[in-house]
There are 2 protein chains.
Amino acid sequence: MSNYTNSPCAACKFLRRKCTSDCVFAPYFPPEEPTKFANVHRIFGASNVSKILQEVAPHQREDAVNSLAYEAEARLKDPVYGCVGAISVLQRQVLRLQRELEETNADLMRYASCLGGETTSAYGGRRG
Amino acid sequence: MSNYTNSPCAACKFLRRKCTSDCVFAPYFPPEEPTKFANVHRIFGASNVSKILQEVAPHQREDAVNSLAYEAEARLKDPVYGCVGAISVLQRQVLRLQRELEETNADLMRYASCLGGETTSAYGGRRG
């Protein structure tokens, strides 16, 4: 049975089966969040989710379920790219920021060479 | 049958079924790439992959299959986080780069205020 209430967990409710005390889904799919299970079931299938949970150490199962729920939601929103779309957007953002940082550093170097001696006063102080 | 050879596509070979001319998998799972299908089948299940393909316009199916294959491979490598792990890494990288860029811009502003008039020569040229 679900840890949180006396009603069956969201997975057993969805699959219309008895929720037993050793239910692999119950700790991660409380009845209050029916969509979480419906989403992962629709994208991965209950049996694949169960297999993944069995492969993972108990203390990592919550993270595993949450990452599966994230992937499932992303795939339902964007059936073509799923959360791989987010990866592409982030990769482009990283490239843009790296380029911008390189340009800003180059500007900084130009300023530093213009300032010449004054640079030393800003970084480490002028000596002698 | 697979577009590429006379042998059944990787999906039909894996599922030990006849590969017909209207096979939904054949264009995206050539027999030369058996792992691609094995991976998506293991994580999503053939019937879910087929459902996703039916939902997607034909010209987007190749992208959909490739993103599913990417997600499946990531989940097999990292059963806890899958490709959501890559998203977390990229999000942290974006935050770090944004912070670094802000700091570099602040340095640049300090230099610019030190140089005073000379700034105009670097940006847009000195006129008159």
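This one's a predicted model, so the numbers in the text were calculated from it and none came from an experiment. (Residues numbered from 1 in each chain as written. Chains lettered and ligands numbered in written order. Predicted model: local features only at pLDDT ≥ 70, side-chain atom pairs only at ≥ 80, totals over all residues. Heavy atoms only, no water.)

Participant: Would you take a moment to explain the overall build of chain A for this structure?
Facilitator: The helix and strand inventory of chain A stands at six helices and zero strands. If you list the helices and strands of chain A from N to C, you get α-α-α-α-α-α. Buried residues in chain A amount to 43% of all 128 residues. Contacts in chain A between residues at least 24 apart in sequence constitute 43% of all its contacts with a sequence separation of at least 6. (Helix = DSSP H or I, 4+ residues; strand = E, 2+ residues; numbered from the N terminus. Buried < 20%, exposed > 50% of the residue type's maximum accessible area, 1.4 Å probe, protein only. Contact = heavy atoms within 4.5 Å.)

Participant: Sorry if this is basic, but what is going on with the relation of the copies chain A and chain B here?
Facilitator: The two chain copies are connected by a rotation around an axis plus a translation along it. Overlaying chain A on chain B yields an RMSD of 0.1 Å, the required transformation being a rotation through 180 degrees with an accompanying axial translation of 0.0 Å. On this basis, the relationship between the two copies can be described by a two-fold rotation axis. The C-alpha atom lying nearest the rotation axis in chain A is that of Phe44(A); the distance is 2.2 Å. Take the interface residues of chain A: 100% of them recur as interface residues in chain B, which is what a same-surface contact looks like. (Least-squares fit on C-alpha atoms with pLDDT ≥ 70 in both.)

Participant: What exactly am I supposed to notice about the nonpolar core here?
Facilitator: Note that soluble globular proteins tend to have their nonpolar side chains buried in a common cluster. In terms of nonpolar packing, the biggest core is built from 52 residues, with Phe25(A) and Phe25(B) touching the most fellow members. Residue assignment for this core shows that the elements contributing at least two residues are helix H1 (10-15), helix H2 (34-43), helix H3 (46-55) and helix H4 (61-77) of chain A together with helix H1 (10-15), helix H2 (34-43), helix H3 (46-55) and helix H4 (61-77) of chain B. For Phe25(B), the residues in contact, after removing those within four places along its chain, are Cys9(B), Ala11(B), Arg17(B), Phe37(B), Ala46(B), Val49(B), Ser50(B) and Leu53(B). With 14 residues, the next largest nonpolar core counts Leu90(A), Leu101(A), Cys83(B) and Leu101(B) among its residues. (Core = buried A, V, L, I, M, F, W, Y, C linked by side-chain atoms within 4.5 Å.)

Participant: For this particular structure, what's the right way to read the domain arrangement of chain A?
Facilitator: Accessible area lost upon the coming together of the parts serves often as the stated size of an interface. All names here are of chain A. We note that the domain assignment places domain 1 (1-77) and domain 2 (80-115) within chain A. Summed over the three residues of domain 1 that lose the most area to domain 2, namely Tyr70, Ala74 and Arg75, the buried surface amounts to 85% of that side. Linking domain 1 with domain 2 are zero salt bridges, by the criterion used here. Counting every contact that joins domain 1 to domain 2 gives one residue pair in polar contact (both at pLDDT 80 or more). (Domains from an automatic or database assignment. Buried area = accessible area lost by both parts, 1.4 Å probe. Salt bridge = Lys/Arg side-chain N within 4 Å of Asp/Glu carboxyl O. Polar contact = N/O pair within 3.5 Å; in protein donor to acceptor, adjacent residues only side chain to side chain.)

Participant: What exactly am I supposed to notice about the interface of chain A and chain B here?
Facilitator: The interface of chain A with chain B comprises 43 residues on the first partner and 45 residues on the second. When the two sides are added together, the surface that chain A and chain B hide from each other amounts to roughly 4000 Å², 67% of it contributed by carbon and sulfur. Looking only at chain A, the three residues that lose the most surface to chain B are Val80(A), Leu101(A) and Tyr111(A), adding up to 16% of its buried area. The interface formed by chain A and chain B includes two salt bridges. Across the pair Arg75(B) and Glu71(A) runs a salt bridge, and its minimum N-O distance is 2.5 Å. Viewed at the interface, chain B and chain A are joined by 10 residue pairs in polar contact (both at pLDDT 80 or more). Listing elements by their share of the side of chain A that touches chain B, those giving two or more residues are H2, H3, H4 and helix H5 (84-115) of chain A.

Participant: Sorry, what's going on with the packing of aromatic side chains here?
Facilitator: By convention here, two paired aromatic rings are described through the distance between centres and the angle between planes. On inspection of all chains with the given rule, the structure shows nine aromatic pairs over all chains. Where Phe14(A) meets Phe37(A), the ring centres are 5.6 Å apart and the plane angle is 65 degrees; that geometry is what we call edge-to-face. You can see Phe14(A) sitting in helix H1 and its partner Phe37(A) sitting in helix H2, a full 23 residues away along the chain. Overall, Phe14(A) belongs to the partly exposed group, its relative accessible area being 42%. Residue classification places Phe37(A) among the buried positions, given a relative accessible area of 0%. Look at Phe25(B) and Phe29(B): their rings are 5.9 Å apart centre to centre, the planes differ by 65 degrees, and that puts the pair in the edge-to-face class. We classify Phe29(B) as buried; its relative accessible area is 0%. Members of the aromatic cluster, joined through ring pairs, are Phe14(A), Phe25(A), Phe29(A) and Phe37(A). The lysine or arginine in question, Lys36(A), covers the ring of Phe29(A), its NZ or CZ lying 5.7 Å from the ring centre. (Phe/Tyr/Trp six-rings, centres within 6.5 Å; stacked < 30°, edge-to-face > 60°. Lys NZ or Arg CZ within 6 Å of the ring centre and 35° of its normal.)

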